[in-house]
Amino acid sequence: MKQRFKQVVRSPVARLWGMTAALAVANAVIAPDLLQGSRLNAMVNLLAPLVLAALASAPSVLSGGGGLDLSVGPSLGFVNVLVVGVLVEHGVTSAWLGLPLCVLLGTLVGVVNGVLVAYGRLQPIVATLGTFLVLSGLALVVLPQPRGGAPGWAAFLAGGSLGGYLPHILLLPAGALALWAGLRRLGLVRLITAVGSDQRAAHTSGVNVPLVRLGAYALGGALAGLAGIALTALTGSGDPTVGKQYTLMAIAAVALGGNALAGGRGGMLGPLLGATTLFLIQLLLSSAQVSSLWIQVVYGAVLLAAVCLNAAPRPGLRVQAAGAQGA
């Protein structure tokens, strides 16, 4: 029992819980007005696209093979541009049609990435960099300049109930986590983790490795579609350049959340907390009137620290290795 408690306390997620709580308290002390309903609603709206981008980056990383998806940022940005520059332009303002189309578009981008990686045998970072460039260019073709005119459902998601203490945009991360939980019950999450842990062993056990990896990228694309919806709700407009900034922040959140970048270990709670931690760090620096130029420096330092901590062998593994050498 004592050993189990130590393992829980030393886990990346447990450390993140503590860090997130400490940062939340520090922000509340420096800027107490953040706890007001209207300010809290605005902060959650700012956080939601980053959280969903981090969740979208997690499945490809879990599937192994160096699955860093660089196209997540442009993908959510292209969804944002599509809503304002195409759907609204053609009178498609219904949430019942627009929201599924956004998720479908993100899924299609993920499927393209999955086909290139799983069946084309391209390196994930190269394949998704190509998709990054294509989507960035298409966004400028569809909408050369930022434009307002988001549909009514975007304004609803940007609002809140109970005086702003219940932001409507929380429906999107809740939907993403519900989808993940459903796929876990169906066994897809276990297969993704198995492929990421040991591709050869998974293949030997009868797992269709390319199909599972394709499913991981498709899932990430669907979550990127939800992130694009959140971005549209946040900005209330379309902007062809704003999405790209989320790519590296999402990867940093995944690494900070304890997901092994080599694949096979992690989940969704870690990236969610990682994204929240990065956001709270930025908010704390802004509240303390620290120059915004330092934010990227802090992000880089946090990412390096997270990678080093995750790369360090865990106590249990060191004991096993020592026993193997003694044998």
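Cut-off values and rules
- Residues numbered from 1 in each chain as written.
- Predicted model: local features only at pLDDT ≥ 70, side-chain atom pairs only at ≥ 80, totals over all residues.
- Heavy atoms only, no water.
- Helix = DSSP H or I, 4+ residues; strand = E, 2+ residues; numbered from the N terminus.
- Rg over C-alpha atoms; globule rule 2.2 N^0.38 Å.
- Contact = heavy atoms within 4.5 Å.
- Areas by Shrake-Rupley, 256 points an atom, 1.4 Å probe, with all protein chains shown as cover.
- Buried < 20%, exposed > 50% of the residue type's maximum accessible area, 1.4 Å probe, protein only.
- Lys, Arg positive; Asp, Glu negative; His and termini not counted.
- Salt bridge = Lys/Arg side-chain N within 4 Å of Asp/Glu carboxyl O.
- Polar contact = N/O pair within 3.5 Å; in protein donor to acceptor, adjacent residues only side chain to side chain.
- Patch = residues over 30% accessible without salt bridge, like charges linked within 9 Å, V, L, I, M, F, W, Y side chains within 5 Å.
- Expected span 1.5 Å × (residues − 1).
- Bend = angle between axes of the 7 residues up to and from the residue.
- Axes fitted to C-alpha atoms, helices over the stretch in contact; angles between N-to-C directions.
- Parallel < 35°, antiparallel > 145°, perpendicular 65-115°, else oblique.
- Nonpolar A, V, L, I, M, F, W, Y, C, P; charged D, E, K, R; others polar.
- pLDDT = per-residue confidence, 0-100.
- Left-handed = near helix turned anticlockwise from the far one by under 90°.
- Core = buried A, V, L, I, M, F, W, Y, C linked by side-chain atoms within 4.5 Å.

1. What to know about the overall build of the protein chain
Here is step 1: Regarding its fold elements, the protein chain presents 15 helices and four strands.
Here is step 2: The C-alpha atoms of the protein chain give a radius of gyration of 20 Å, which matches the 20 Å a tight globule of 327 residues would have.
Here is step 3: By sequence separation, contacts in the protein chain at least 24 residues apart represent 81% of the contacts at least 6 residues apart.
Here is step 4: As presented, the protein chain carries roughly 15,600 Å² of accessible surface, and 69% of it is formed by carbon and sulfur atoms.

2. Observations regarding the environment of isoleucine 169
Here is step 1: Turning to its location among the elements, isoleucine 169 is positioned in the loop between strand S3 (166-167) and helix H8 (171-186).
Here is step 2: The class of isoleucine 169 is buried, set by a relative accessible area of 0%.
Here is step 3: With 77 residues separating them along the chain, isoleucine 169 and tyrosine 246 place their C-alpha atoms 18 Å apart.
Here is step 4: Not counting chain neighbours up to four residues away, the residues in contact with isoleucine 169 comprise Val44, Asn45, Ala48, Leu157, Ala230 and Ala233.

3. Quick look at the side chain of aspartate 69
Here is step 1: Here aspartate 69 is to be found in the loop between helix H3 (37-62) and helix H4 (72-87).
Here is step 2: Despite its burial, aspartate 69 pairs with no opposite charge, the nearest such side chain being arginine 213 at 12 Å.
Here is step 3: One polar contact links aspartate 69 to serine 71, side chain to side chain, over a distance of 2.6 Å.
Here is step 4: Apart from the residues lying within four places of it in its own chain, the contact partners of aspartate 69 are Ser60, Asn113, Thr128, Tyr217 and Thr247.

4. Quick look at a nonpolar patch on the surface
Here is step 1: Nonpolar side chains collect at one region of the surface, where Leu97, Leu101, Leu104 and Leu108 lie side by side and expose about 340 Å² of accessible area between them.
Here is step 2: Using a relative accessible area of 44% as the deciding quantity, one classes leucine 97 as partly exposed.

5. Here we look at H3
Here is step 1: When the terminal C-alpha atoms of H3 are compared, their 36 Å separation across 26 residues agrees well with the 38 Å that a helix rising 1.5 Å per residue should span.
Here is step 2: Along its length, H3 shows its largest kink, about 30 degrees, at leucine 47, and proline proline 49 lies within four residues downstream of that point.
Here is step 3: Summarising burial for H3: 21 of the 26 residues are buried, a large majority.
Here is step 4: Within two residues after H3, glycine 64 carries a phi angle of roughly 80 degrees, on the positive side.

6. Digging into the packing of H3 against helix H11 (residues 209-235)
Here is step 1: Between H3 and H11, the least distance of the axes is 7 Å, while the angle of their chain directions is 170 degrees. The orientation of H3 relative to H11 falls into the category roughly antiparallel. Of the residues in H11, those touching H3 at Asn45, Leu46, Ala48, Pro49, Leu52, Ala53, Leu55, Ala56, Pro59 and Ser60 are Ala216, Tyr217, Leu219, Gly220, Leu223, Ala224, Leu226, Ala227, Ala230, Leu231 and Leu234.
Here is step 2: Classifying every residue of the contact of H3 with H11 gives 18 nonpolar, three polar and no charged.

7. Details of the confidence of the model for the protein chain
Here is step 1: Across the protein chain, pLDDT averages 87, with 91% of residues at or above 70.
Here is step 2: Confidence, read as mean pLDDT per element, is least for helix H15 (residues 315-326) in the protein chain (39) and greatest for H11 (96).
Here is step 3: Taken as a whole, residues 314-327 scores under 50 in pLDDT and shows three contacts with residues more than four places along the chain or in a different chain.

8. Looking at the packing of H3 against helix H13 (residues 269-287)
Here is step 1: Between H3 and H13, whose axes approach to 8 Å, the crossing angle comes to 140 degrees. In terms of orientation, H3 and H13 fall into the oblique class. The way H3 lies across H13 gives a crossing that is right-handed. Of H13, the residues touching H3 (which contributes Met43, Leu46, Leu47, Leu50, Val51, Ala54, Leu55 and Ala58) are Pro271, Leu272, Ala275, Thr276, Phe279 and Leu283.
Here is step 2: Tallied by class, the residues present in the contact of H3 with H13 amount to 13 nonpolar, one polar and no charged.

9. Details of the pattern of salt bridges
Here is step 1: All told, the structure shown has two salt bridges when counted by the stated rule.
Here is step 2: Across the pair aspartate 33 and arginine 39 runs a salt bridge, and its minimum N-O distance is 2.5 Å.
Here is step 3: Residue arginine 39 is classed as partly exposed on the basis of its relative accessible area of 30%.

10. Remarks on the side chain of threonine 232
Here is step 1: Inspection of the secondary structure puts threonine 232 in helix H11.
Here is step 2: Among the residues examined, threonine 232 registers a relative accessible area of 0% and is labelled buried.
Here is step 3: A distance of 3.0 Å separates polar atoms of two side chains, one belonging to threonine 232 and the other to asparagine 80.
Here is step 4: For threonine 232, the residues in contact, after removing those within four places along its chain, are Asn80, Val83, Ala150, Trp153, Ala154 and Ser237.

11. With respect to the nonpolar core
Here is step 1: One finds Leu52, Leu55, Leu172 and Leu223 to be the most contacted residues of the largest nonpolar core, which totals 77 residues.
Here is step 2: Apart from residues lying up to four places away in sequence, leucine 223 is in contact with Leu52, Leu55, Ala56, Ala176, Leu179 and Met268.

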